[in-house]
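Listed below are the residues making up each chain.
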Amino acid sequence: QVQLVESGGGSVQPGGSLRLSCAAGGFTFSSYVMSWYRQAPGKHRELVAGITSDGGRTNYADSVKGRFTISRDNAKNTLYLQMNSLKAEDTAVYYCHPNPMPYWGQGTQVTVSS
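To start, this report covers the structure provided alongside it. (Residues numbered from 1 in each chain as written. Predicted model: local features only at pLDDT ≥ 70, side-chain atom pairs only at ≥ 80, totals over all residues. Heavy atoms only, no water.)

In this section: the sheet that holds strand β7 (residues 68-73). Taken together, the four strands give an open sheet; going across it, the order is β1-β3-β8-β7, and neighbouring strands pair in antiparallel fashion. Two strands close off the open sheet at either side, each with one partner strand: β1 (3-7) and β7. The sheet shows a mean angle of 15° between the axes of neighbouring strands, direction not considered. Bridge count between β7 and strand β8 (residues 78-83): six bridges; the pairing is antiparallel. Its bridge partner being in β8, Arg72 is matched across the sheet by Leu79. (Pairing = 2+ DSSP bridges. Helix = DSSP H or I, 4+ residues; strand = E, 2+ residues; numbered from the N terminus. Axes fitted to C-alpha atoms, helices over the stretch in contact; angles between N-to-C directions.)

This part takes up the state of the cysteines. Taken as a whole and judged by the stated rule, the model has one disulfide. The disulfide bridge from Cys22 ends at Cys96, spanning 1.9 Å between sulfur atoms. Here the disulfide of Cys22 and Cys96 is right-handed, its torsion about the S-S bond being about 45°. Placement of Cys22 in strand β3 (residues 18-25) and of Cys96 in strand β9 (residues 92-99) is noted, with a sequence separation of 74 residues between them. Relative accessible area serves as the criterion here: at 0%, Cys22 is assigned to the buried category. Overall, Cys96 belongs to the buried group, its relative accessible area being 0%. (Disulfide = S-S within 2.5 Å. Buried < 20%, exposed > 50% of the residue type's maximum accessible area, 1.4 Å probe, protein only.)

Put into C-alpha cells, the structure is as follows:
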C-alpha cells in the first residue's frame, strides 16, 4: 500500500522560508522520479519541481527557480522541498508524487501572507 505523507507546511510572511517533507512508503522509493506539485484555490494542480531517482538531476517551474530546492534522501525514503523567499502566489496545498504512479498524499498547506 503506497503511503505519501507530506508535512512542514504553515503560515509565513512574504520573504520567509519553509521546508516541506514527504515520507514515502509501500513502494521502492529509490527507483522513482519524485515531484512536488501544488494546487491553489480555484486553480489546476501544477508541477513545482522534480528530481530523478538518484537525485542527480532536478527541474523547476519557472515561477520557483532560484527560490525552491528539491532534494531526497533515499535511505530515509523522504523527499524534501526547501522554499525560500516565499511570495503570496506560492500559497497552495503542496503534494508529493511518484512518477508515474497514480498516488497522492493528503498534501500540506502553505500560506504566505502579511
